[in-house]
Amino acid sequence: MPEPTIQVLLLLLLLVLLLLHSASSSAEDFRFTLENEDGDVEGGYLEDGKGLSNWDVFSRIPGKIKNGDTGDVADDHYHLFMEDINLLHSLGVNAYRFSISWFRILPRGRFGEVNPTGIKFYNNIIDNLLLRRIEPFVTIYHHDFPQELEDRYGSWLSPVKQ
């Protein structure tokens, strides 16, 4: 007998959760949510004032990422977010969790100016989600941060460099 794929197992888990949920609460309390992480989908590498992230630099170290892939384009959510939101709406999604890239908002971490184009990008996402009655949920940190902070301080667990 073949082993079930992870997708089949996730679908079964979703069905069980839906059944449990429908037995214990009202339909308006249920959130059908999808999510993304900026490095996986956003793209827009260094566009409109975006700074370098630690993953932008890491992915360019030979041998670190299979096939030398980067997130420069990814799923191109930066340019196609309206199509993505329309797709979410067509699926009946009523909540969406997404990451905000520090380096798109604060290209140099705490050492530079706020990027107004980055703020506008995320405002456009939030405004268009709300227009379609999709509740936005924001993740502020998802394993990536401005490269300038990495250069100055090392990782999260490194002592402060002088």
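Keep in mind it's a predicted model, so treat the numbers as computed, not measured.

Comments concerning unusual backbone geometry
For residues other than glycine, phi is negative in most cases, and the peptide bonds are mostly trans.
Thought 1: Its identity as a non-glycine residue notwithstanding, Asp76 has a phi of 60 degrees, on the positive side.
Thought 2: Summarising the element assignment, Asp76 is placed in the loop between α3 (54-58) and α4 (77-90).
Thought 3: One non-glycine residue with positive phi stands out, namely Arg133, at about 60 degrees.

Digging into the packing of α4 against helix α6 (residues 116-131)
Thought 1: With their axes 10 Å apart at the nearest point, α4 and α6 run at an angle of 10 degrees to one another. Between α4 and α6, the crossing angle belongs to the class labelled roughly parallel. Only Thr117, Phe121, Asn124, Ile125, Asn128 and Leu129 of α6 make contact with α4, whose side of the interface consists of His77, Tyr78, Phe81, Met82, Ile85 and Leu88.
Thought 2: In terms of residue class, the contact of α4 with α6 is built from 8 nonpolar, 4 polar and no charged.

Re the environment of Val114
Thought 1: Locating Val114 in the fold gives a position in the loop between α5 (102-105) and α6.
Thought 2: In this structure, Val114 is in contact with Ile105, Leu106 and Ile119, ignoring residues within four places of it in sequence.

Some details on a nonpolar patch on the surface
Thought 1: A surface patch of nonpolar side chains, amounting to about 250 Å² of accessible area, comprises Leu11, Leu14 and Leu15.
Thought 2: Here Leu14 falls in the partly exposed class, since its relative accessible area comes to 35%.

Description of the nonpolar core
For soluble globular proteins, the rule of thumb is that nonpolar side chains tend to be buried together.
Thought 1: Ile125 and Leu129 are the most contacted members of the largest nonpolar core, which totals 13 residues.
Thought 2: Looking at this core, the elements with two or more residues in it are α4, β2 (95-99) and α6.
Thought 3: Each residue touching Leu129, except ones within four places of it in the same chain, is listed here: Ile85, Leu88, Tyr96, Phe98, Ile134 and Pro136.

Quick word on the environment of Gly49
Thought 1: Its location among the elements puts Gly49 in the loop between α2 (38-41) and α3.
Thought 2: Exposure remark for Gly49: the relative accessible area of 41% places this residue in the partly exposed category.
Thought 3: Measuring from C-alpha to C-alpha, the distance between Gly49 and Thr117 comes to 7.2 Å, with 68 residues separating the pair along the chain.
Thought 4: Apart from residues lying up to four places away in sequence, Gly49 is in contact with Phe103, Pro107 and Asn115.

Side note on α6
Thought 1: Taking 1.5 Å of rise per residue, 16 residues should cover 22 Å, and α6 covers 22 Å from first to last C-alpha, within 8% of that figure.
Thought 2: All buried positions along α6 are accounted for by Gly118, Phe121, Tyr122, Ile125, Asn128 and Leu129. With its buried residues spanning 130 degrees around the axis, α6 presents them on a single face. With respect to the buried face of α6, the exposed residues turned more than 90 degrees away are Pro116, Lys120 and Leu131.

Here's the deal with the pattern of salt bridges
Thought 1: What the rule picks out here adds up to 5 salt bridges.
Thought 2: In this structure, the salt-bridge partner of Arg60 is Asp72, at a minimum N-O distance of 2.6 Å. Taken as a pair, Arg60 in the loop between α3 and α4 and Asp72 in the loop between α3 and α4 lie far apart in primary sequence, 12 residues in all.
Thought 3: What makes Arg60 partly exposed here is its relative accessible area of 36%.
Thought 4: The salt bridge partner of Arg108 is Glu148, with a shortest N-O separation of 2.8 Å.

Reading the values: rules and limits
- Residues numbered from 1 in each chain as written.
- Predicted model: local features only at pLDDT ≥ 70, side-chain atom pairs only at ≥ 80, totals over all residues.
- Heavy atoms only, no water.
- Helix = DSSP H or I, 4+ residues; strand = E, 2+ residues; numbered from the N terminus.
- Axes fitted to C-alpha atoms, helices over the stretch in contact; angles between N-to-C directions.
- Parallel < 35°, antiparallel > 145°, perpendicular 65-115°, else oblique.
- Contact = heavy atoms within 4.5 Å.
- Nonpolar A, V, L, I, M, F, W, Y, C, P; charged D, E, K, R; others polar.
- Patch = residues over 30% accessible without salt bridge, like charges linked within 9 Å, V, L, I, M, F, W, Y side chains within 5 Å.
- Areas by Shrake-Rupley, 256 points an atom, 1.4 Å probe, with all protein chains shown as cover.
- Salt bridge = Lys/Arg side-chain N within 4 Å of Asp/Glu carboxyl O.
- Buried < 20%, exposed > 50% of the residue type's maximum accessible area, 1.4 Å probe, protein only.
- Core = buried A, V, L, I, M, F, W, Y, C linked by side-chain atoms within 4.5 Å.
- Expected span 1.5 Å × (residues − 1).
- Arc of directions from axis to C-beta.

By themselves, these observations are geometric and do not establish any function.
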